[in-house]
Amino acid sequence: MVTLLREHARPAVIREHPLAPWFAVAAVCFGAFMGQLDASVVTVAFPALQRQFHTGLAATQWVSLAYLLVLTALLVPAGRWSDRAGRKLLYLYGFVLFAVTSAACGLATSLAMLIALRVAQAGGAALLQANSVALVVTSVPARTRRAALGVQAAAQAVGLASGPVIGGVLVAAVGWRWVFFLNVPVGLLAVVAGWYLLPRTRRPAVDRGGAGGADLGGMGLLAASTAAGMLAISSLAGLGLPAWAVVACVAVALGAGAALVRRERRVAAPLLDLRALAGAGTGPALGGALCSYLILFGPLVLFPQVISARGGSAATAGLLLTALPAGFGLAAAFADRLLPAWWTNRRRCALGAALAAAAAAGLAVPASDAVTVALLGVLGAGLGLYTPANNAEIMAAVPARDAAAAGGMVNMTRGIGTALGVAVVTLGLHAGARLRWQDGGLTLSMAALAAVALIAVWCGLRGARAVPGAAR
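These figures come from a predicted structure and were not determined experimentally.

Rules and cut-offs
- Residues numbered from 1 in each chain as written.
- Predicted model: local features only at pLDDT ≥ 70, side-chain atom pairs only at ≥ 80, totals over all residues.
- Heavy atoms only, no water.
- Axes fitted to C-alpha atoms, helices over the stretch in contact; angles between N-to-C directions.
- Helix = DSSP H or I, 4+ residues; strand = E, 2+ residues; numbered from the N terminus.
- Contact = heavy atoms within 4.5 Å.
- Nonpolar A, V, L, I, M, F, W, Y, C, P; charged D, E, K, R; others polar.
- Buried < 20%, exposed > 50% of the residue type's maximum accessible area, 1.4 Å probe, protein only.
- Phe/Tyr/Trp six-rings, centres within 6.5 Å; stacked < 30°, edge-to-face > 60°.
- Lys NZ or Arg CZ within 6 Å of the ring centre and 35° of its normal.
- Core = buried A, V, L, I, M, F, W, Y, C linked by side-chain atoms within 4.5 Å.
- Patch = residues over 30% accessible without salt bridge, like charges linked within 9 Å, V, L, I, M, F, W, Y side chains within 5 Å.
- Areas by Shrake-Rupley, 256 points an atom, 1.4 Å probe, with all protein chains shown as cover.
- Salt bridge = Lys/Arg side-chain N within 4 Å of Asp/Glu carboxyl O.
- Parallel < 35°, antiparallel > 145°, perpendicular 65-115°, else oblique.
- Left-handed = near helix turned anticlockwise from the far one by under 90°.
- Expected span 1.5 Å × (residues − 1).
- Bend = angle between axes of the 7 residues up to and from the residue.
- pLDDT = per-residue confidence, 0-100.
- Polar contact = N/O pair within 3.5 Å; in protein donor to acceptor, adjacent residues only side chain to side chain.

Colleague: Residues and numbers for the packing of helix α3 (residues 46-53) against helix α14 (residues 283-309), please.
Modeller: At a minimum axis distance of 9 Å, the contact between α3 and α14 shows a crossing angle of 60 degrees. Counted together, Phe-46, Pro-47, Gln-50 and Arg-51 of α3 and Val-301, Pro-304, Gln-305 and Ser-308 of α14 form the full contact between these two elements. For the contact of α3 with α14, the per-class residue count stands at four nonpolar, three polar and one charged.

Written out as structure tokens, the structure is:
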């Protein structure tokens, strides 16, 4: 047990190598790749899951929503647990749990069972994602931090880019179960890489006293508020809940949200440190992170449905969608080389969000596959420019001792944004169908994403205030 609960040092030959910080970034990129691969693979499988379990999109979307809501509730506590137990230790255990539950998801025999297993899978994903940004920030020198975050964002983009193609081919060739089995070998390889390449991070007990425990009440209120809100949106998108249940969901969402705000202002170790967020001015920047992932994930749900309705295959949808994460990855990896060095993070965010808004508006109009691919590429490039600069802006406003908790908050807002991306697109598709408007679901969904991108422009211009001793 002592061995299983202790972080192990890297081999000396790796620890003393000049590229040791980048070895650690490479290990973290496995988690970034795996999480986004799973996200994009699952959305391509939605039409197959609907046929397998004889359900509509409003029910099938909970394969993603259940995962995302649990992930959102656990991210900040997972960051705090990692501060106390060690980021490397919990990061590796996250991989083990994620791989095991992925294998179980592939064996599910009903939609309810699959959704329940996705809830368990979210526990492993929370340990991965809460630590990914913090491990990068604490492993590389400050002068290369934005570039390292760009590499991590590029790894996420590669996962997103690989997911539609790999998922489309797997669904068409051997069935939807293999989109989950795919995570198993990647997870095993990542555990080995993390064991040897990641540094120990656990701090002495005297330095960990202020980390605080888990805010279980806050977790419950956040989960209740987000789940009830998503159920209410799903009912509008065709889930079929009775009117009284919809009203109850809205009441629970609002009541739990208000109770969460009151609680977080009083407890010693809050799930959401609202005072710290207000003091650092990170609210708009976190709002921008939410908007960027809402925009990024929405098309991954939208286009498989649109192409399936037109008689296309999962493989066709996967190939078309690759342009979005490919554009994201290229922009994230090469923005520092192409843009003037004196450009601030706020300027980069504003430009990226403006590009995303223009591309989303263009995608609202039905067009040929070639035009759609080009616009998806521009949309991805705008988000790829926005995300690393947005992350760097947030981390520059947070003291280094709170890096893991701050990284958890970044990923929590991403999770909420991703869940909203699923819900907004599902609602747009349902509204288009009810209006009997040809391609109405596409137009309504992309118009909504364009509006969100304009909000992201404002968030990017507001930014956050840097503080001394921040994790930058």
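From this point, things continue past the structure.
Colleague: Provide a residue-level description of unusual backbone geometry, including the pertinent values.
Modeller: Within the chain, His-54 stands out as a residue other than glycine whose phi angle is a positive 55 degrees. Within the secondary structure, His-54 is located in the loop between α3 and α4 (57-60).

Colleague: So what's going on with the side chain of Asn-345? Residues and values would help.
Modeller: Here Asn-345 lies in helix α17 (residues 345-363). Residue class for Asn-345 comes out buried when judged on its relative accessible area of 15%. Leaving out residues up to four positions away in the same chain, Asn-345 has contacts with Arg-146, Ala-389, Ala-392 and Glu-393.

Colleague: So what about the environment of Gly-329? Which residues, and what values?
Modeller: Following the sequence through the fold, Gly-329 ends up in helix α16 (residues 323-338). Residue Gly-329 is classed as buried on the basis of its relative accessible area of 12%. It is 9.5 Å that separates the C-alpha atoms of Gly-329 and Gly-159, two residues lying 170 residues apart in sequence.

Colleague: Account for the packing of aromatic side chains, naming residues and giving values.
Modeller: Tallied over the entire structure, the rule returns four aromatic pairs. Taken together through their ring pairs, the aromatic side chains of Phe-53, Trp-176 and Phe-180 make up a single cluster. Above the plane of the ring of Tyr-67 lies Arg-118, whose end atom (NZ or CZ) is 4.2 Å from the centre. We note Arg-347 situated over the ring of Trp-343; from NZ or CZ to the ring centre the distance is 5.3 Å.

Colleague: Mind laying out the nonpolar core, listing which residues take part and the relevant values?
Modeller: In terms of nonpolar packing, the biggest core is built from 118 residues, with Leu-114, Trp-176, Phe-303, Leu-379 and Met-446 touching the most fellow members. The leading source of residues in this core is helix α7 (residues 111-139), at 14 residues. What Trp-176 contacts, discounting residues up to four positions off in sequence, is Ala-45, Ala-48, Leu-49, Gln-52, Phe-53, Cys-105, Ala-108, Leu-114 and Val-171.

Colleague: Report on a nonpolar patch on the surface, specifying residues and quantitative values.
Modeller: Where nonpolar side chains cluster on the molecular surface, the patch consists of Leu-19, Trp-22 and Val-151 and spans about 230 Å² of accessible area. Here Leu-19 is to be found in the loop between α1 (12-15) and α2 (20-44). The class of Leu-19 is partly exposed, set by a relative accessible area of 42%.

Colleague: Break down the pattern of salt bridges for me, citing the residues and quoting the values.
Modeller: The final tally for this structure, using the stated rule, is two salt bridges. In this structure, the salt-bridge partner of Arg-310 is Asp-439, at a minimum N-O distance of 3.2 Å. Separated by 129 residues along the polypeptide, Arg-310 in the loop between α14 and α15 (314-321) and Asp-439 in the loop between α19 (403-434) and α20 (440-462) bring together distant segments of the chain. Classification of Arg-310 as partly exposed rests on a relative accessible area of 48%. On the basis of relative accessible area, Asp-439 is assigned to the partly exposed category, the value being 26%. Residue Glu-393 is joined to Arg-346 by a salt bridge in which the shortest nitrogen-to-oxygen separation is 3.3 Å. With Glu-393 in helix α18 (residues 369-395) and Arg-346 in helix α17, this residue pair connects regions lying 47 residues apart in the sequence. On the accessibility criterion, Arg-346 (32% relative accessible area) is partly exposed.

Colleague: Describe the packing of α14 against α20, with residues and values.
Modeller: It is at 8 Å that the axes of α14 and α20 come closest, and there the two elements cross at 160 degrees. In terms of axis orientation, α14 runs roughly antiparallel to α20. In the crossing of α14 with α20, the sense of the turn from one axis to the other is left-handed. Of α20, the residues touching α14 (which contributes Pro-284, Gly-287, Gly-288, Cys-291, Leu-294, Ile-295, Gly-298, Pro-299, Leu-302, Phe-303 and Val-306) are Gly-441, Leu-442, Ser-445, Met-446, Leu-449, Val-452, Ala-453, Ile-455, Ala-456, Trp-458, Cys-459 and Arg-462.

Colleague: Describe helix α5 (residues 62-85), with residues and values.
Modeller: Between its terminal C-alpha atoms α5 stretches 32 Å, which fits the 34 Å expected from 24 residues at 1.5 Å a residue. Leu-75 marks where α5 bends most, by close to 40 degrees; the proline Pro-77 follows one to four residues later. Where burial is concerned, most of α5 is hidden: 20 out of the 24 residues are buried. Looking one or two places after α5, you find Gly-86, whose phi comes out positive at around 120 degrees.

Colleague: Outline the environment of Gly-377, listing residues and values.
Modeller: Looking at where Gly-377 falls in the secondary structure, it is placed in helix α18. In this structure Gly-377 comes out as buried when scored by relative accessible area, which is 18%. Along the primary structure Gly-377 and Leu-320 are separated by 57 residues, whereas in three dimensions their C-alpha atoms are 10.0 Å apart. Beyond its immediate sequence surroundings of up to four residues, Gly-377 is in contact with Ala-323 and Gly-327.

Colleague: Lay out the confidence of the model for the chain in plain terms, naming residues and giving numbers.
Modeller: Per-residue confidence for the chain gives a mean pLDDT of 81, with 88% of residues at or over 70. Predicted confidence is poor over residues 204-211, with pLDDT under 50, and the contacts of this stretch with residues over four places away or in other chains come to seven contacts.

Colleague: Mind laying out the side chain of Thr-43, listing which residues take part and the relevant values?
Modeller: With respect to the helices and strands, Thr-43 occurs in helix α2. Classification of Thr-43 by relative accessible area gives buried; the value is 0%. Polar contacts involving the side chain of Thr-43 include one to the main-chain carbonyl oxygen of Leu-300, which spans 3.1 Å. Every residue in contact with Thr-43, bar those within four places of it in the chain, is listed here: Phe-297, Leu-300, Val-301 and Pro-304.

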